[in-house]
Protein chains: 2
Amino acid sequence: MATLVSLDALTSKLREIHHLRDAAAVLSWDQETYMPPRSGAIRAEQLATLQTLAHNQFVSTDIESLLTSFLDIETGIILPEQQTSLDEPTHALLRETWRDFSRAKKLPSSFVNELERECSLAQQVWAEARKTNDFQRFLPNLERLVGLKRQEADYLGYTDSPYNALLDTYEPGSTVAQLRPLFAELRTHLIRLLDQIRNSPVQPNTSLLTQSFDTTKQVDFGRLVLKHMGYDFQRGRLDLSAHPFTTSFHPTDVRVTTRVFDADLPSCLFSCIHEGGHGLYEQGLPSKYYGTPLSEAISLGIHESQSRLWENSVGRSKAFWQYFYPKLQEIFPAQLGGVQADEFYFAINRVAPSFIRVEADELTYNLHIMVRFEIELDVIEGRVQVEELPEIWNAKIQEYLGITPPNDAEGVLQDVHWSFGAFGYFPTYTLGNLYAAMLFHQAKKDIPTLEKTIGEGNFLPLKNWLNDQVHQWGRQYSASELIQRVTGQALTPEPFIQDLEEKFGNLYQFSTQPHSQNPS
Amino acid sequence: MATLVSLDALTSKLREIHHLRDAAAVLSWDQETYMPPRSGAIRAEQLATLQTLAHNQFVSTDIESLLTSFLDIETGIILPEQQTSLDEPTHALLRETWRDFSRAKKLPSSFVNELERECSLAQQVWAEARKTNDFQRFLPNLERLVGLKRQEADYLGYTDSPYNALLDTYEPGSTVAQLRPLFAELRTHLIRLLDQIRNSPVQPNTSLLTQSFDTTKQVDFGRLVLKHMGYDFQRGRLDLSAHPFTTSFHPTDVRVTTRVFDADLPSCLFSCIHEGGHGLYEQGLPSKYYGTPLSEAISLGIHESQSRLWENSVGRSKAFWQYFYPKLQEIFPAQLGGVQADEFYFAINRVAPSFIRVEADELTYNLHIMVRFEIELDVIEGRVQVEELPEIWNAKIQEYLGITPPNDAEGVLQDVHWSFGAFGYFPTYTLGNLYAAMLFHQAKKDIPTLEKTIGEGNFLPLKNWLNDQVHQWGRQYSASELIQRVTGQALTPEPFIQDLEEKFGNLYQFSTQPHSQNPS
C-alpha cells in the first residue's frame, strides 16, 4: 500500500509554499504586537508580496502536474490505478489539496488583486467610519465589496444560494439549507431562556468584576491558566494586542494574544482561555504533515469549538473555579477577599442583552450571530440594498434582543469582518458553540472523572482527549464526519441548549423545561 | 535627461525582491527576541525558503534582461546610447545593482546551497565547541568552511590575493595591499600608547561600574539616550537579545537591541549608543529609493563608523557626560551619588589588554582585529593550516597584547564570524573606527558649536550632519569616494590616533608625542 512517501515531491512543494504563508503570519503577528507605529505602509507591501507569491506558487503548473499524477484535475477524483494503493491520510491529503487548488484556480488573479486592494482600502475606511460613527462614509466601499463577493461566489460556483459559496470558504460543507432550521430551532430556545432570565428576581452583582485589578497581575493569572490548560510556552507565547487573536507558524510556534483593562477582570481572563483553546488546537496539529491540509484546522467552526469549549464549558464552570477562585482571591485579596465563590461564579455568567457582539454573554452571543447571518444572506442574495443596512440592523437587534443601538458605531459598524470581505464567516461562531457543547458532553462520557480533575486544576485528561479526538486529524475528516465520529451523532443544538438550561436554570432559579417542547 | 522613472520596471522588481529579504529580516529579529525556544528548526526552514527565493529572483533572467537595456551585462559598462541620458543617482543605481547581480551570478546555486548548509551546521557545532572549550570539535567544520570560502574567492575572481575577493564582499574596494600598511602604521601607535598607559601611575577605579544597577532602569536610561540621539521610536524599537544588533526592514522600521546585566553598567549603555548609531544610519537612508542600492549602506566599515562615532567619539566624551552624568546619578543615587564625574569618565575610558574582543576598550580593540586579519589572511592564502590556529592565535595575542588566553573559548573560539563563513569581515571594524574619527573631526570643523551642543544634550546638529553627509547617499558613492567627498582626504588613521593620544594622554597623564614620530 502506498503511503505519503509517494507524495514527497508534492508535499515538499507545499511545505515551501507554507513557509511563505508562515512568514506572512509572522509579519502580521508583529504588526499587531510590536511593529513601530509608522511602518504600516511598508508592512502592507511586504505582506502583499508574500501572499501573492504564495498564491501564485500554489496555483502554478508545478502543483497542477504533481496533482495530476494522482487525480483528475477537473473533478478531483482519484485515478482508478491509484485508488487502491493510497492509504487513508494520503487520500485525504490529496482530496483537501485539490479542494484548495481548484477553488484558488477558479479565481482569476486580476480578481484576487482587486479584492485584496479593495479590502485593504475598506478596512481603513471602516476604522475611520466606526470612529466617527459615519456609515455613509463606509457605504461605497461596502457596496463594492458586496459586489465583489457576489462575483466571487459566481466564480466559485454554488447550488441554491451564492451565500453557500462563501460559507463553504470558512465552513466547508455548510449550507444555508442546513443553517436556517438549525438557527431557527436554537433561536426559539434562546429567546425563551432569555425571557426567563430577564424575568428572574435574582440577578448577579457584576460590579465586583469592574473594580481596579492590576493589569500585570491579570496577565500573569492568564498565563497561569494557560499553563494549566496544557498550552506549551516552549512552543508558544502570550503577548498583548488591541484585539486578542491566535496565530500559528507551525505546531512548534503558536502564539496567542490578549488585552487587559484595569477595570474589567473578565476581558483578559476569558480571552486568554479562549485563545488558549485555539492555541491548543494549533499546537496539537501533527507536525509530520506540516505544510499540507493534514496539519491544518478543519474549519472555523471546529476551531471555534475549541476556544468556546475551554472558555465556556470549562472556564465558566463551577469545577474550574473550585480550583482557581482561591488562587484569584490570593492575587486580588482586597478586591475579591470578601466575595464568595458563588457570587463570583454568578457574576461571570451574567446574561443580559447588549449591543456589542464581542462583549456578549454565552447565550445572547448567538442572537448577535443570527442577526448577521440573516442580513448577510439578504445582501448576498440581493434582497436588500447595502444602504438599508443600518435600519435593518437596528430593527433586527430590537427584534432579537429587545434593545436598539444608540448609534451605528455600536450597531452595524461594530465588526471588522465585512470590511475585509468576510461574508459567511459569522455563522461559524455559533457552529463553534454547538460543536463545543457536543464535544464536551462526549468528553464527560469518555472521561467519567472529568469534572473532578477539572476541579483539581488538572486539565490534561481533557487536553489529551481533544488532541486524540480532534487535533491530531487535521483535515483528514470533514467537520460533519469528525463530529459524527467523535460523538456518534450529527450536528445538533441539543447539548448546547441543555447546558444553558441547566446552568442558567440554577443561577437564575427558574425551572428548566424539557427543551424539546416548544414554549411559545 | 532621463531620471529614475526610466527604471520603473527594474526598481519595482527590486522592491519586490526586497520584501522577501525584509520578511527574512523580520523572522531573524523575531528569532533573536521573542521566538519560543522550541521553534528553531522550522524557523531555519522558513528563512532558507525566503532567502533562496530572494536569491533566485535576483539572479533571474527578468533582472538580467532589465539590466541589459541599460548596460553591458558582462562588464557593467553603461551602453553608449544611455551614457548621456542618465542622471547621477540612476547611474549609481545601475552600477551597484550590476555589481550585486554579477557577483551573485558568479556563484553556482549548488555552491550557495552547500555553503549555506555548511554555515548553518557549523554555527551549531561552534556554539557547542565554545561552550565545551573544544576546538577539535569545530575543526572539521572550520576546515570545510575555509575550503568553501577559498572556492568562493575563485568563483568571484580576484587580483593578488583570494582574500581580496572576500574583503570586497563586506568593504567594496578594500584590498590587502591597502590594509597591510594602514594596520602596520596604526599598530605602531597603538602599541606605544598601550605601553604608556600600562606604565602610567594613575589608573581608573572601574569597580564603580560593577555595582548592582537595576536592569529596568538601565534599559530606560538607554532609551533616553537613544531619544536624545534622534533615533525615532515611531520608526523603530529597542528590545533585549543575547547579542545586541540592529536590523532594518525599511527606513520606517529599524530596530535595535541591547543586553543588560545587573553588575555591568557599561554593557547596556554603550550597546544602546552603538546600535543607535547603526540605527540612525538605517533610518536616514532614503525611503524613495527603497529596495535599490541607493537605499542601502555603503559598506560594513561605513556602517561601523556610524556606531563607533556615537559610541566612542560622542558616548565616551566629556561633553556627553557633562549632560548625562547628573541624570544617571539621579537614577542611581546610591551607586553614583558619591562618584565624581571625572572618576566616572575615567572608568568608562579604561584601557587594558583583555581576551575578549567585544569587551575590549577603544584602543586595544583594534589589536584584536589585527590578530584576526593576519590569521585570516594566512589561512585563506594557504600559508597556515586550520589545525594550527589555536597555537597561532595565542602567540599573536601574546605578541600584540602581552597576555595569553587561558583557553580556546576565550581565544580562537570566541567569535561567531568564522562559523558563518565571514572571512574578511573583521577588518571592517577597525576601518569603522578610523572612518568614525575622520568624520567626527570633519563634523567639528563644519559645526563649530558641536561640543557645546553635545554638552547641552542636543545631538540634532550632529545627527543632521550625518544624515546630510553620509546617510542620504545610500550607495551612490563608494566608501573611499564618500570619505574623500566629506573630509577632503583619503582614509588615514591620523584623526583616530590623535584622538587617542589626546584623550588617554590626559587621563593617564603622559605627555602626548607628535604621532608622526616613530617611538621605538
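Each value, and the rule that gives it
Residues numbered from 1 in each chain as written. Chains lettered and ligands numbered in written order. Predicted model: local features only at pLDDT ≥ 70, side-chain atom pairs only at ≥ 80, totals over all residues. pLDDT = per-residue confidence, 0-100. Pairing = 2+ DSSP bridges. Helix = DSSP H or I, 4+ residues; strand = E, 2+ residues; numbered from the N terminus. Axes fitted to C-alpha atoms, helices over the stretch in contact; angles between N-to-C directions. Contact = placed C-beta atoms within 7 Å. Least-squares fit on C-alpha atoms with pLDDT ≥ 70 in both. Domains from an automatic or database assignment. Nonpolar A, V, L, I, M, F, W, Y, C, P; charged D, E, K, R; others polar.

Let's talk about the confidence of the model for chain A
Predicted coordinates in areas of low pLDDT are best not read in detail. Confidence along chain A averages 95 in pLDDT terms, with 97% of residues attaining 70 or more. The complex model carries a pTM of 0.93, and its ipTM stands at 0.92.

Quick look at the sheet that holds strand β1 (residues 236-240) of chain B
Residue and element names in this part refer to chain B. Here we have 3 strands laid out as an open sheet, ordered β1-β3-β2, and mixed in their pairing. The open sheet is flanked by β1 and β2 (246-250), the only strands paired with a single partner. Adjacent strand axes in the sheet meet at a mean angle of 20 degrees, parallel and antiparallel pairs treated alike. Strand direction decides the pairing type here: β2 and strand β3 (residues 253-258), joined by 4 bridges, are antiparallel. Opposite T246, over in β3, you have V256 as the bridge partner. Helix α11 (residues 265-284) contacts β1, β2 and β3 of the sheet and is inclined by roughly 165 degrees relative to β3.

As for the relation of the copies chain B and chain A
Here chain B sits on chain A after a turn of 180 degrees about the axis and a move of 0.0 Å along it, with an RMSD of 0.0 Å. Both copies of the chain, as the preceding transformation shows, are related through a two-fold rotation axis. Across chain B, the smallest distance between a C-alpha and the rotation axis is recorded for A23 of chain B, namely 3.3 Å.

Quick notes on the environment of P244 of chain B
Residues and elements named next belong to chain B. Within the element layout of this structure, P244 appears in the loop between β1 and β2. For P244 and S267, which are 23 residues apart along the polypeptide, the C-alpha to C-alpha distance reads 9.8 Å. When residues no more than four places from it in sequence are discounted, the contact partners of P244 are T257, T258, R259, S271 and E275.

A few points about the domain arrangement of chain A
Residues and elements named next belong to chain A. In terms of domains, chain A is made up of domain 1 (4-106) and domain 2 (211-307 + 428-493). Relative to domain 2, the C-alpha centre of domain 1 lies at a distance of 25 Å. With 17 residues of domain 1 at the interface, the matching set in domain 2 holds 15 residues. Where the side of domain 1 that touches domain 2 is concerned, the elements lending two or more residues are α1 (8-33) and α5 (88-106). Take the side of domain 1 that touches domain 2: its biggest share by element is 11 residues, from α1. For the side of domain 1 that touches domain 2, a count of residues per class yields 7 nonpolar, 5 polar and 5 charged.

Quick look at the interface of chain B and chain A
Tallying the contact residues gives 28 residues for chain B and 28 residues for chain A. When contributions to the side of chain B that touches chain A are tallied by element, the ones reaching two or more residues are α1 (8-33), α2 (40-58), β1 and β2 of chain B. In terms of residue count, the dominant contributor to the side of chain B that touches chain A is α1 of chain B (8 residues). Taken together, the residues of the side of chain B that touches chain A break down into 12 nonpolar, 8 polar and 8 charged.

Some thoughts on the sheet that holds strand β3 (residues 253-258) of chain A
Residue and element names in this part refer to chain A. In spatial order, the strands read β1-β3-β2; together these 3 strands make up an open sheet with mixed pairing. For this open sheet the edge positions go to β1 (236-240) and β2 (246-250), each flanked by a neighbour on one side alone. Between one strand axis and the next, the sheet turns by 20 degrees as a mean value, whatever way the strands run. Taken together, the 5 bridges between β1 and β3 define a ladder with parallel strand orientation. Among the inter-strand pairings, L240 is bridged to a residue of β3, identified as T258. Contacts between helix α11 (residues 265-284) and the sheet are confined to β1, β2 and β3, with β3 contributing the most and set at about 165 degrees to the helix.

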